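Chains, contacts and geometry: an overview
So you can see what is in the structure, the chains are spelled out below.
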Amino acid sequence: MPAPAHTRTDAPIRVLAVAGARPNFMKIAPLMHEFARRPSRFEPILVHTGQHYDSSMSDSFFRDLGIPEPDVNLGVGSGSHGEQTAQVLMKIERLLIERKPQLVLVVGDVNSTLAATLAAVKLNIPVAHVEAGLRSGDREMPEEINRILTDTVSHWLFTTEAAAETNLLREGVAADRIHFVGNVMIDTLLKHRERARKLDTLERLGLTPGKYALLTLHRPSNVDSPDRLRKLFDVFERLNTELPVVFPVHPRTANAIQRDLGGVQPNLKMTAPLGYLEFLRLMMDAQMVLTDSGGIQEETTALGVACLTLRDSTERPVTVSEGTNTLVGTDPAEIEKAIGKLRQAGPPEGRRPALWDGKAAMRIIDILERDLENF
Ligand code: UD1
């Protein structure tokens, strides 16, 4: 795709940066901070789509991470995939026409990411996608569709690991659009690690360092089937008799427990969704993390904490090949076996992947600044 024509002026570049759902906020934070360091070059407009709207899923992240108040909140809220994507698409299109940014910056793979990208490219506004090229190979995952479509039409593709570049090249993306820059999510983790360490979260929950497991579960493939959900909870409840299992419950999962399990709460240490710093505090000293999240696979690798991923595939293979992640699948018997093995053998040795060094946002904005000079 040719770079869109654009007249050079000395005015700062107007960038519309989009975030919508919880895993976007820790990715957009370091980018906003980097823009703020270059006020003569960039004029960012931060848009919150409102895909996530509960205080515990949204506001608390802005507070914890010092993200500026969004300039605009589209208030899109929940809905089917079609409804949610369409709402963001319609509302962002209007905003783009009104504000005329020269660039749209999107992160991750949620519905808001795809919708903002589509709206922008149809108006000939170039898009930069941060965390491009990740592929699970599983097209039943809504995020996989969002990733493929977003990458196909974005102009700048910023990647976190080597596999992402391989995927993009295989899909026919021109090499000069791909930039291996590292991981903005890890920028945020490294920046806030020491602050998190000082929190009294463990004491408050009655936990001893190294003597608890931390569980998150929210993928439709795990929580939208009552039978699967019950069987998974059976496994976690058995583990909980030996090692306390802390379980901050995502709203989707809370709804599933209410709807499909008759509101019978699993016998685990359940909490409401936690803020960024509190969750980081819990990850740091967990004996193991059990999750179906994407980002947590990366965060545990950066922290060197054992992670068992309750999915059949991962779009983040470096967390397995170099990090501390093990892909254990979704069969409850296999998950139980993997837990037993980890309890016996201890955590796998891992190392922090290349360029996960806290400087990814800086590299991204350097590249954008350089390239936009020539637009
Ligand atoms: C979305 C992302 C997923 C990401 C996850 C992190 C897509 C396709 N999925 O999934 O990639 O890992 O966010 O959380 O974009 N809800 C609330 N309050 C909120 C937000 C949601 O109660 O603030 C409830 C609603 O019942 C909603 C459900 O959670 O219907 C699911 O929310 P939704 O944004 O559709 O998807 P997530 O499962 O959160």
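Overview of the structure. Not measured: the values here are computed from a predicted model. (Residues numbered from 1 in each chain as written. Predicted model: local features only at pLDDT ≥ 70, side-chain atom pairs only at ≥ 80, totals over all residues. Heavy atoms only, no water.)

**Examining the overall build of the chain**
Helix and strand content of the chain: 16 helices and 13 strands. Relative to the compact-globule value of 21 Å for 375 residues, the chain shows a C-alpha radius of gyration of 20 Å, a close match. For the C-alpha atoms alone, the extent of the chain along its principal axes is close to 65 × 40 × 40 Å. With 375 residues in all, the chain has 57% of them scored as buried. Of the contacts formed within the chain by residues at least 6 apart in sequence, a portion of 70% connects residues at least 24 apart. (Helix = DSSP H or I, 4+ residues; strand = E, 2+ residues; numbered from the N terminus. Rg over C-alpha atoms; globule rule 2.2 N^0.38 Å. Buried < 20%, exposed > 50% of the residue type's maximum accessible area, 1.4 Å probe, protein only. Contact = heavy atoms within 4.5 Å.)

**Remarks on the pattern of salt bridges**
In the structure shown here, the tally under the stated rule is 33 salt bridges. Across the pair Arg343 and Glu242 runs a salt bridge, and its minimum N-O distance is 3.4 Å. One end of the pair, Arg343, is in helix H15 (residues 332-345); the other, Glu242, is in the loop between helix H10 (226-240) and strand E9 (245-248), and 101 residues separate them in sequence. Note that Asp260 and Arg259 form a salt bridge whose closest N and O atoms lie 3.1 Å from each other. Taking the relative accessible area as the measure of exposure, Asp260 reaches 25% and is therefore partly exposed. Here Arg259 falls in the exposed class, since its relative accessible area comes to 52%. Counted as one network, the salt bridges with shared partners bring together Lys27, Asp109, Glu131, Glu144, Arg147, Glu298, Arg311, Glu315 and Arg316. (Salt bridge = Lys/Arg side-chain N within 4 Å of Asp/Glu carboxyl O.)

**Re the site of the ligand**
Around the ligand there are 19 residues in total, and His52, Asn111, Glu143, His218 and Arg252 lie nearest to it. The side chain of Gln51 places a nitrogen or oxygen atom 2.9 Å from an oxygen atom of the ligand. Interatomic distance of 2.9 Å between a side-chain N/O atom of His218 and an oxygen atom of the ligand. In isolation the ligand exposes 740 Å². Once the protein is present, 87% of that is buried. Mapped by element, the contributors of at least two residues to the shell around the ligand are helix H3 (81-99), helix H5 (142-153) and helix H11 (251-260). The element contributing the most residues to the shell around the ligand is H11, with 3 residues. Looking at the shell around the ligand, its residues break down into 6 nonpolar, 9 polar and 4 charged. (Near = heavy atom within 4 Å. Polar contact = N/O pair within 3.5 Å; in protein donor to acceptor, adjacent residues only side chain to side chain. Areas by Shrake-Rupley, 256 points an atom, 1.4 Å probe, with all protein chains shown as cover. Nonpolar A, V, L, I, M, F, W, Y, C, P; charged D, E, K, R; others polar.)

**Description of the side chain of Arg363**
The residue Arg363 is located in helix H16 (residues 360-373) in this model. A polar contact of 2.9 Å, which involves the side chain of Arg363, links it to the backbone oxygen of Val181. When residues no more than four places from it in sequence are discounted, the contact partners of Arg363 are Val181, Leu355 and Asp357.

**Describing H5**
An ideal rise of 1.5 Å per residue puts 16 Å on 12 residues; H5 measures up with 18 Å between its terminal C-alpha atoms. Within H5, the full set of buried residues consists of Glu143, Glu144, Asn146, Arg147, Ile148, Thr150 and Asp151. Contacts from the buried residues of H5 go to strand E4 (103-107), helix H4 (111-122), strand E5 (127-130), strand E6 (156-159) and helix H6 (162-170). (Expected span 1.5 Å × (residues − 1).)

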